[in-house]
Amino acid sequence: GFIILAHSPAQHHFNWEDSDLVKTAGRQVAVHLAQLEASQGLAEAKQFEARNRMSSYVMHDLKNLIAQLSLVVTNAGKHRNNPRFMEDAIATVDNSVQKMNRLLEHLRSDSTQTQETETIELCATLQDVVQMMSSGKPVPTLDCQAREIRILANRDRFGAIIGHLIRNAQDATADDGRVIVRLFRRNVRATIEIQDTGCGMDSDFIKDRLFRPFDSTKGKAGMGIGVYESRDYIHKLGGDLEVLSRVGEGTTFRIHLTISDQN
């Protein structure tokens with residue numbers, strides 16, 4: 001930029017004090033311009049970060065859906081003549097298609113928008129997730145010690161994180177082991193437990209690696225964001241995620257959530 005100076009009404013020449021004043025004003029303008037450019041760059045970087053994070057979450061959910069469909073295809077050859085299996089297979093495929101369509105709709109929209117929440121009944125939601133995860137081994141069981149407990153959450157996102165924690169428990173547990181999902185109430189808080197009798201984790205792993213994004217113990221088969229995503233979303237709901245584990249004995253993920261007053 002440049003500055004045009006008019007003739008001064010004062011009868012003196014342009015001296016070093018006037019020059020320093022003009023330089024100071026120029027530097028101040030330059031600082032404001034630099035701050036504006038930095039703010040614009042930061043805003044664009046945040047948009048890219050939000051979109052990249054959403055893409056990672058969508059890829060993770062698609063990976064789980066593909067795993068469910070792969071189990072259906074694998075078992076189809078053995079049970080194709082079983083009407084009950086065919087009904088379950090059709091229901092699983094239909095549920096997967098609906099979820100993928102909702103994921104695509106969310107990707108087409110602004111990924112920075114907050115996902116819509118609704119009042120969901122926890123026991124019924126857990127029943128749906130446990131049934132969907134029953135194609136894997138060990139088959140999870142559900143113990144609802146309290147019913148008619150409702151929370152405000154996005155149904156698909158909440159179901160996805162519960163399904164991921166169950167899948168992790170199945171992966172860590174032998175086929176003849178146990179995976180148990182419990183629901184109970186303590187005052188104004190609901191608690192969901194996902195307990196397995198698998199290999200367990202030591203305290204150093206829980207502290208340093210469990211919640212670190214993109215750090216997976218499954219090699220190329222894992223993306224390393226499932227547990228990180230689960231804790232992040234639970235915190236957004238105003239809840240807490242607690243982990244109890246012993247090597248060789250198993251692991252318990254305990255989710256604490258505030259109960260909604262809405263019906």
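In what follows, the structure referred to is the one given above.
So, here is what we can say about the structure in this document.

## Overview of the overall build of the protein
Point 1. A tally of regular secondary structure across the protein gives six helices and seven strands.
Point 2. Here the protein holds 263 residues, and the buried ones make up 35% of them.
Point 3. Long-range contacts, defined as pairs at least 24 residues apart, comprise 71% of the intrachain contacts of the protein with a sequence gap of at least 6.

## Structural notes on the sheet that holds strand β7 (residues 250-258)
Point 1. Across the sheet, which stays open at both edges, the five strands sit in the order β2-β4-β5-β7-β6 with mixed pairing between neighbours. Pairing within the sheet leaves two strands with one partner each, and these edge strands are β2 (141-144) and β6 (240-246). Neighbouring strand axes in the sheet, compared pairwise and without regard to direction, differ in orientation by 15° on average.
Point 2. Sheet topology note: the strand β5 (residues 189-196)/β7 ladder contains eight bridges and is antiparallel. Bridging from a neighbouring strand, T191 pairs with H256 of β7.
Point 3. Sheet strands touched by helix α4 (residues 155-171): β4 (179-186), β5 and β7. Its angle to β5, the strand with the most contacts, is close to 30°.
Point 4. Contacts from helix α6 (residues 226-236) reach β6 and β7 within the one sheet, and its direction differs from that of β6 by about 140°.

## What to know about the pattern of salt bridges
Proximity of charged atoms lets side chains of opposite charge pair with each other.
Point 1. Counted according to the given criterion, the structure contains eight salt bridges.
Point 2. Of the charged contacts, one joins E229 and R157 as a salt bridge, the two residues approaching to 2.2 Å between their closest N and O atoms. Here R157 lies in helix α4 and E229 lies in helix α6, a separation of 72 residues in the sequence.
Point 3. By relative accessible area, which is 4% here, E229 ends up buried.
Point 4. Where D240 meets R189, a salt bridge forms, and the shortest distance between an N and an O atom there is 3.0 Å. Taken as a pair, D240 in strand β6 and R189 in strand β5 lie far apart in primary sequence, 51 residues in all.
Point 5. Under the relative-accessibility criterion, D240 is labelled partly exposed at 39%.
Point 6. Each of R182, E193, E242 and R254 takes part in salt bridges that share partners, so that together they form one network.

## Observations regarding the layout of surface pockets
Point 1. For the largest pocket, the calculated volume is near 770 Å³.
Point 2. Around the largest pocket sit 26 residues that line it, and T92, Q131, M132, S134 and S135 are the ones nearest its centre.
Point 3. Elements that contribute at least two residues to the lining of the largest pocket include exactly α1 (16-79), α2 (83-108), α3 (122-132) and α4.
Point 4. Element by element, the count of residues in the lining of the largest pocket is highest for α2, at eight residues.
Point 5. Along the lines of polarity and charge, the residues of the lining of the largest pocket split into eight nonpolar, 11 polar and seven charged.

## A few points about the pairing of strand β3 (residues 150-153)
Point 1. Only one face of β3 is covered, namely the face carrying I151 and A153; the face carrying R150 and L152 is uncovered.
Point 2. By the bridge criterion, four bridges tie strand β1 (residues 118-121) to β3 in an arrangement that is antiparallel. In the sheet register, E121 faces β3, and the bridge partner there is R150.

Criteria and thresholds
- Residues numbered from 1 in each chain as written.
- Predicted model: local features only at pLDDT ≥ 70, side-chain atom pairs only at ≥ 80, totals over all residues.
- Heavy atoms only, no water.
- Helix = DSSP H or I, 4+ residues; strand = E, 2+ residues; numbered from the N terminus.
- Buried < 20%, exposed > 50% of the residue type's maximum accessible area, 1.4 Å probe, protein only.
- Contact = heavy atoms within 4.5 Å.
- Pairing = 2+ DSSP bridges.
- Axes fitted to C-alpha atoms, helices over the stretch in contact; angles between N-to-C directions.
- Salt bridge = Lys/Arg side-chain N within 4 Å of Asp/Glu carboxyl O.
- 1 Å grid on protein atoms, 1.4 Å probe; cavity = no way out; pocket = protein on both sides within 12 Å on 5 of 7 lines; lining within 4 Å.
- Points joined across faces, edges and corners; volume = space filled by probe spheres on them.
- Nonpolar A, V, L, I, M, F, W, Y, C, P; charged D, E, K, R; others polar.

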